[in-house]
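Overview (structure and organization)
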Amino acid sequence: MKILVTGGTGYIGSHTCVELIKNKHEVVIVDNLYNSSIAVLDRIEMISGVKPKFYQVDILDREALEAVFKDNKFDACIHFAGYKAVGESCEIPLTYYKNNISGSINLYELMRKYHVDNLVFSSSATVYGDDFEVPFKEEYGLGTTTNPYGSTKKMNEMILTDLAKADKDFSTVLLRYFNPIGAHESGLIGEVPNGIPNNLVPYIAQTASGQRDFLRVWGNDYDTVDGTGVRDYIHVVDLAKAHVLAIEYAYKNKGSEVINIGTGKGYSVLEVLHAYEKACGHEIPYKIMDRRPGDIATCYADTEKASKLLGFKAEYDINKMCEDSYRFTSLNPDGIK
Ligand code: NAD
Ligand code: UD1
């Protein structure tokens, strides 16, 4: 397939491009480089042997985006482009709604105009909110989101589900990611946080390398194995492989499907910290703090639907996730240049 990948130079997008190329798909990337570097294209080539065609285009720029559709006959699209910082989305909600909703609608309208019928969308476990019992099952539907970022994911899910109902040629798979971490094992691509990281593993990585003094553990009084929050961490390469299966599924089946992508197993903050200590070979300082507002105790996926529909099963464990994250951070202390 010839696949348009929006946000393809970003963290999950770059790993997905590598897996798509490995599976003989042709990749065309659209990214405005707001949160990624052009050098990622060379890194993708170093790993896969192919440098994807690239357009530096903002999906909010309808004319420029349309020019990409005129230039190329796509079979499918994987849509990663968007803003993703939860805290920032509370401070500048309109910027988030504009980019993640208006930008996405531009893309969906052009997909319909140019008869690109198959889409995979990056959703998030955040759409379950704190309304349901673990493991989170797709059939629970949408919960109450707690921040504008989460609401943009929920709204995109609603828009795409309605679109697939109205337009019988259109097919979409909405992937609800749990917590993607890790990096490609080459150490060439990985997550480059923008400023002080909010997410656990990027913060641990910077603490391990001495850029931060200590990890702040947000609460140790939850009803979990050791009192710290439990999440379903998934290796980004496993997640990337799930996208290949999902876009191939969308191509063969009409309608819309929501699918969790996680491992089905939860790890506590301290368990992740200790796995990272093993990976980097030294202790990582931490302090227990109050709970972070908006956090839930435990979150992990029911993975049965991913297994049944896509034949997907995550392969890598928490140790491999931490080893690959550490390798990438050590090899690229200043990001991807
Ligand atoms: P990322 O920031 O690394 O990648 C997103 C890419 O989109 C970046 O390269 C950025 O430059 C680009 N982009 C942003 N706005 C754009 C615009 N208007 N036009 C063109 N390009 C634009 O993020 P990621 O971690 O790779 O996440 C990819 C997607 O997955 C996002 O939609 C994110 O919300 C979603 N997601 C991420 C996580 C996670 O933990 N990383 C979890 C759940 C869902
Ligand atoms: C967060 C977002 C979620 C988003 C996801 C991926 C919130 C409430 N949720 O999920 O919407 O989809 O990131 O971007 O922000 N922790 C610490 N110290 C830290 C950082 C985190 O103890 O410095 C703990 C948290 O309390 C949590 C766990 O580590 O228990 C994971 O946190 P994080 O990586 O931020 O992911 P989520 O909160 O699950």
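Below, the structure is looked at part by part.

Cut-offs used in this document
Residue numbering note: each chain is counted from 1, following its sequence as written. To label them, take the chains in the order written and letter them from A, then take the ligands in the order written and number them from 1. The predicted origin of the model limits local features to residues at a pLDDT of at least 70 and limits the giving and counting of side-chain atom pairs to 80 or more, whereas totals for whole chains, interfaces and linings rest on all residues. Hydrogens and waters are ignored; side-chain quantities use all the structure's heavy atoms. Numbering of helices and strands runs from the N terminus; a helix is a DSSP stretch of H or I covering at least four residues, while a strand is a stretch of E covering at least two. Taken over C-alpha atoms, the radius of gyration is set against a globule rule of 2.2 Å times the number of residues to the power 0.38. Note that His is not counted, nor are the chain ends; the positive residues are Lys and Arg, and the negative ones are Asp and Glu. Here the site of a charge means atom NZ of a Lys, CZ of an Arg, CG of an Asp or CD of a Glu. Any residue with at least one heavy atom within 4 Å of a molecule or strand is counted as near it. Whenever two N or O atoms come within 3.5 Å, that pair is a polar contact, provided that in protein one can donate a hydrogen and the other can accept it, and provided that, for residues adjacent in sequence, both atoms are side-chain atoms. Residue polarity is assigned by list, with Asp, Glu, Lys and Arg as charged and Ala, Val, Leu, Ile, Met, Phe, Trp, Tyr, Cys and Pro as nonpolar; anything else, Gly included, falls into the polar class. Working definition of accessibility: Shrake-Rupley area with a 1.4 Å probe, residue cover restricted to the visible protein chains. When accessible area is computed with a 1.4 Å probe and restricted to protein chains, residues below 20% of their type maximum are described as buried, those above 50% as exposed, and intermediate ones as partly exposed. Two strands qualify as a pair provided that DSSP identifies no fewer than 2 bridges between them. Orient the strands so they point away from the viewer; a crossover is then right-handed if the path from the first strand over the helix to the second runs clockwise.

**Considering the overall build of the protein chain**
Scanning the protein chain for helices and strands turns up 11 helices and 13 strands. Its C-alpha radius of gyration of 19 Å places the protein chain within 12% of the 20 Å reference for a compact globule of 337 residues. With respect to the principal axes defined by its C-alpha atoms, the protein chain has extents near 55 × 40 × 40 Å. Here the protein chain carries 36 positive and 46 negative side-chain charges, and the mean point of each set is 4 Å from the other.

**Observations regarding the site of ligand 1**
Taken together, 27 residues sit near ligand 1, with D31, N35, S36, K84 and N99 positioned nearest. One of the backbone N or O atoms of Y11 is found 2.8 Å from an oxygen atom in ligand 1. Take N32: an N or O atom from its main chain is 3.2 Å from a nitrogen atom of ligand 1. Of all elements in the fold, only α1 (11–22), β5 (118–124) and α6 (148–166) reach the threshold of two or more residues within the shell around ligand 1. In terms of residue count, the dominant contributor to the shell around ligand 1 is β5 (3 residues). Partitioned by chemical class, the residues of the shell around ligand 1 number 12 nonpolar, 11 polar and 4 charged.

**Description of the site of ligand 2**
Taken together, 18 residues lie near ligand 2, and L200, R216, R231, R292 and D295 sit nearest. Residue S124 places a side-chain N or O atom 3.1 Å away from an oxygen atom belonging to ligand 2. Expressed as a share of its isolated accessible area of 740 Å², the protein-covered part of ligand 2 is 88%. Sorting elements by how many residues they give to the shell around ligand 2 places strand β8 (residues 215–218) first, with 4 residues. Looking at the shell around ligand 2 residue by residue, the classes come out as 8 nonpolar, 6 polar and 4 charged.

**Points about the pairing of strand β1 (residues 2–6)**
When you tally the buried positions in β1, you get 5 out of 5 residues, the bulk of the element. Side chains of β1 alternate between two faces, with K2, L4 and T6 and I3 and V5 buried alike. By the bridge criterion, 5 bridges tie β1 to strand β2 (residues 26–31) in an arrangement that is parallel. Residue pairing for β2: T6 is matched across the bridge by V30. In this region the chain leaves β1, passes through α1 and returns to the parallel neighbour β2; the handedness of that crossover is right-handed. Bridge count for β1 against strand β4 (residues 76–79) is 4 bridges, and the pairing is parallel. Note on β4: the bridge partner recorded for I3 is A76.

From the geometry alone we can't say anything about function, so treat these as descriptive.
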